[in-house]
Structure formats: C-alpha cells, structure tokens
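A look at the structure
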Amino acid sequence: MSAMNRAYTSVDALIERARKRIPQFVFEYLAHGCHSNVCVRKNTDQLREVELRPFYMREFSGATLKTKLFDREYDAPFGISPIGLQGLIWPRATEILAAAAKNHNVPFILSTVATASLEDVGEITGGDFWFQLYHPADESFRDALLDRAKAAGCHTLVLLADTPTPAFRPHDIRNGLALPPKMSLRNIGQMLLRPRWCAGQLRAGKPEFKTLNPYLPIKPNMKDFPAFWRKTFDGRLTESRVRSIREKWDGRIVIKGIVEPEEMEKAVKIGVDGVIISNHGGRQIDLGQSAIRSLQSLVAEFHDRILIMMDSGIRTGGDVAAAIASGAQFCFLGRTPMFSLAALGEAGGEHVVELLKYSLQQVMEQIGCERISDLPEHLVPA
C-alpha cells in the first residue's frame, strides 16, 4: 500500500475527484460512450451480477496474484488498456501509465492514437509493451508501423476488430471533440476553471498523435487529421488482413473485439495467440452484448483452444475477480487508470495499480482462493 493514497480507496472517489480536476468536456470524453451510454452501463452492471463462493473452512496458505500469460509471469492478472488522446485527459498520461505498468510488472498496451510515440514507450518500458494497431489501408504504411513497433521492443501486437467505423458519440460532438475538433468559448471557459490541468498542459505541450506525427503534414494540424485518417486507415479487420499480418509479424498477435463464435473459429484457424473479448468500452455500439455476456457465451467452447482475455466494464479488483472466475485468463482496464491520473496527477499511476492489486488480494483471501487460476472454482453458476 506504499503508493496508495488512502483518501481515495474506491474508484467512485477517484471519479468524483477527477470530475472536479479536469474540464467537463474532457471528463465526458473519458466517462461516456456512444449513443445513449447503454453499453457503458451494461458492461459494468452485468459484470457485477457475477457471484463468487467463499470456502471458509478449507486449509489456506495465502493468495498470490502472480499470473502466467503467454511465456511471461506478471505480478497481477490485469494490464492497462489504451485510450486515444490520453494526454488530453491528463498531461503525459501515456508515459505515466507506461512507467507504472513497468514498475508493477503488468502489461501496458499503447494505442496507435496515443499521445506518446512507440519509441517513447519502448524506452520507458525497456521494450516490454504491447501495441494496439488501427488497421492501415496501405500495406507499406502498416509495415512501417510494425517495423517501428518491433524496433521499439514491442512483443505483442493487438489487432483492433471492434472499430470498423467512426463512432456516434453525442457528448463528443456537442463538445467539439469529433473530427475535426472545434474549440468553443464554452470549452475555453471550462479549461479556465481547471488551472492545474491548464498548467500541466502548458508544461507538457499540445497533445499530439506522436506515433503518427512522422506521416502527417510537416506542421501537424488537428484540422488536417480527419482527411489523413480517412486516407490512411481502414478500420475493418478482415480474415485476409489478419493472415497477412501473421506472415509479417513474428511476435505474438492478439485480436481485440471478437464476440462471435464464427470469428473465434477464424482466429483459432489463422493461428493468432489470443483474443480480448471487448466492445471497446461501450464506445462503438449500444446494441451489442456486454463484454461479460460475450465472454460467458464463448468460454466453454474455446477456453482450451485459444487464450481468452477480457476488456470493457472492468473498474475494480472485484471486477477483475468476477471476469476471471467467469473464464477470462487475463483482464485489461482503460478508464480506471485514467480516472486515477485525472484525480491524483502523476501519483495516480502508481496509486491505481496498488489499489487494484490490494482490492483483488482481499477478494482472493476472503473466498479462500490461493491462485488466480483457481477463481473459476469459486463461481456461483448462473
């Protein structure tokens, strides 16, 4: 608990403090999803319907959070998911979270549209990171990104399947965060009410898509970004594209966003190394299943055929326990780490990992579960 701020030992407390520390339009970008936020709420609400059985009279020698994933042993069964424009939410957020993940020996996933570059994160993590790829339309551009990721030390490539089209996010449109972004007097007024956030942004410099900067016009301008994006990226991840990347990339490949058995079969046949069950945190579709329901429908058929992880709706250590008890072999969280940074600044990176580990450890000890892999034995059948 050395790095944990005892005044903010719940995610709800972090969220409320974050609301008071960052501009409203930034908070809404982080907290909200698409359309009517149905899937955002459903992801967490249905995950919390999972129940665990405690065994109080068994012999118990203590619980460990150490978890083997691929050929690595991590100190906890969760990692940090990417969020685009992290540096807008809190200055240097990507760098802070990458360092915290490295210090705590948990995975960190860098987004193609992060505000730190592949090379920056490679240096911070000593090359121990994952890279989430938005699919380029042009193979030469794709290969250039893959070569840079490999040179930076990245060992796991995450192919994003659940963003085939731009999302409809009413809050972002209203707040001018759709592409191209439009800064309004309302936004400026909200920023002036958050002087600490403003000062941090001034010191860090304007948030930019640093991995993509070398391919943008000589003087990068956010107004030019929509045209660049339409020309450069095609979000639909097809089977042929995955096969082509499999031939090019000699590291591990994970597909994120698969939720249907037919596509799980394709992933197995192609030979990808794992999948992350996800609906992009409710930021792309309101009408789909929650991530936990998708996991529950797939795990029985595929758990011994491919490594299955989960993202979306996971906020707390208890949520991690519920997801793993339901069949996920590992979890990733995106919003909670960012709420922690927005609430506590740079200290929020260390704080959030400590908080998640501490709360998960308590769950394990309470139910008498010694190893993460034993959590499914504690699941109360639905």
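Procedures and definitions
- Per chain, residue numbering runs from 1 following the sequence as it is written.
- Reporting of local features is limited, given that this is a predicted model, to residues whose pLDDT is at least 70; pairs of side-chain atoms are given and counted only at 80 or more, and all residues count toward the totals for whole chains, interfaces and linings.
- Hydrogens are left out, water is left out, and the side-chain values use all remaining heavy atoms of the structure.
- Strands are runs of DSSP state E lasting at least 2 residues, helices are runs of H or I lasting at least 4, and numbering of each runs from the N terminus.
- Per-residue accessibility takes into account occlusion by the displayed protein chains alone, with areas from the Shrake-Rupley method and a 1.4 Å probe.
- Strand pairing is assigned whenever DSSP identifies at least 2 bridges connecting the two strands.
- Orientation is described by lines fitted to C-alpha atoms, with helices fitted over the stretch in contact, and by angles between N-to-C directions that extend from 0 to 180 degrees.
- When accessible area is computed with a 1.4 Å probe and restricted to protein chains, residues below 20% of their type maximum are described as buried, those above 50% as exposed, and intermediate ones as partly exposed.
- Arc definition: it is the arc formed by the directions from the helix axis to the C-beta atoms.
- When checking whether two residues touch, look at their non-hydrogen atoms; a contact exists if any pair is within 4.5 Å.
- Each salt bridge in this description consists of a side-chain nitrogen of Lys or Arg and a carboxyl oxygen of Asp or Glu lying within 4 Å of one another.
- Here a cavity means grid points, on a 1 Å grid over the protein atoms only, where a 1.4 Å probe fits yet cannot get out; a pocket means an open set of points with protein on both sides within 12 Å along at least five of seven lines; lining residues are those with an atom within 4 Å of a point.
- Grid points are joined across faces, edges and corners, and a volume is the space filled by probe spheres set on the points.
- Buried Ala, Val, Leu, Ile, Met, Phe, Trp, Tyr and Cys residues form a nonpolar core when they are joined through side-chain atoms within 4.5 Å.
- Classes in brief: Ala, Val, Leu, Ile, Met, Phe, Trp, Tyr, Cys and Pro nonpolar; Asp, Glu, Lys and Arg charged; the others, Gly included, polar.

This part is about the overall build of the chain. What the chain contains, in helices and strands, is 17 helices and 10 strands. Projecting the C-alpha coordinates of the chain onto the three principal axes gives extents of approximately 65 × 50 × 40 Å. On the chain, roughly 16,600 Å² of surface is accessible, and the fraction owed to carbon and sulfur atoms is 52%.

In this section: the sheet that holds strand 10 (residues 331-333). Taken in spatial order, the 8 strands of this open sheet run 3-10-9-8-7-6-5-4, and their pairing is parallel. Either end of the sheet is taken by a strand with one partner, and the two such strands are strand 3 (78-80) and strand 4 (109-111). Mean inter-strand twist for the sheet, computed between neighbouring axes without regard to direction, equals 25°.

This part takes up helix 11 (residues 225-232). Here helix 11 has its buried residues at F225, P226, F228 and T232. Angular distribution of buried residues about the axis of helix 11 spans 160°; they occupy a single face of the element. Summarising the geometry of helix 11, the exposed residues directed more than 90 degrees from the buried face are R230 and K231. The elements touched by buried residues of helix 11 are helix 7 (139-151).

On to the pattern of salt bridges, then. Under the criterion given, the structure shown has 18 salt bridges. For the salt bridge of R142 with D143, the shortest nitrogen-to-oxygen distance reads 2.8 Å.

Here the second largest pocket is characterised by a volume of approximately 600 Å³. Contributing to the lining of the second largest pocket are 25 residues, with A161, D162, G257, I258 and E263 lying nearest its centre. Going through the elements one at a time, helix 12 (239-248) and helix 13 (261-270) are the ones with two or more residues in the lining of the second largest pocket.

It is worth spelling out the nonpolar core at this point. The nonpolar side chains of a soluble globular protein tend to be buried, and buried together. Core analysis: the biggest nonpolar cluster contains 111 residues, and F131, M264, I308, M310 and L375 have the highest contact counts within it. A total of 8 residues in this core trace back to one element, the largest contributor, which is helix 17 (residues 347-367). Those residues in contact with M264, other than ones at most four positions away along the chain, are I258, V275, I277, L298, F302, I306 and I308. The next biggest cluster of nonpolar side chains, apart from the first, holds 12 residues, and it includes L69, V158, I276 and F330.

Moving on to helix 6 (residues 118-125). When helix 6 is considered as a whole, its buried residues turn out to be L118, V121, G122 and T125. Each buried residue of helix 6 sits inside an arc of 105° when the element is viewed along its axis, so together they form one side. Each element contacted by the buried residues of helix 6 is listed here: helix 5 (93-104), strand 4, strand 5 (130-133) and helix 7. G126 occupies a position one or two residues after helix 6 and carries a positive phi of about 65°.

Unfilled space is identified by rolling a water-sized probe across the atoms. Evaluation of the coordinates by the stated rule reveals 3 cavities of 30 Å³ or more. There is about 40 Å³ of room inside the second largest cavity. In this structure, the second largest cavity is lined by A98, A101, K102, N105, V106, P107, F108, T125 and D128. The element contributing the most residues to the lining of the second largest cavity is helix 5, with 3 residues. Considering only residue class, the lining of the second largest cavity consists of 5 nonpolar, 2 polar and 2 charged.

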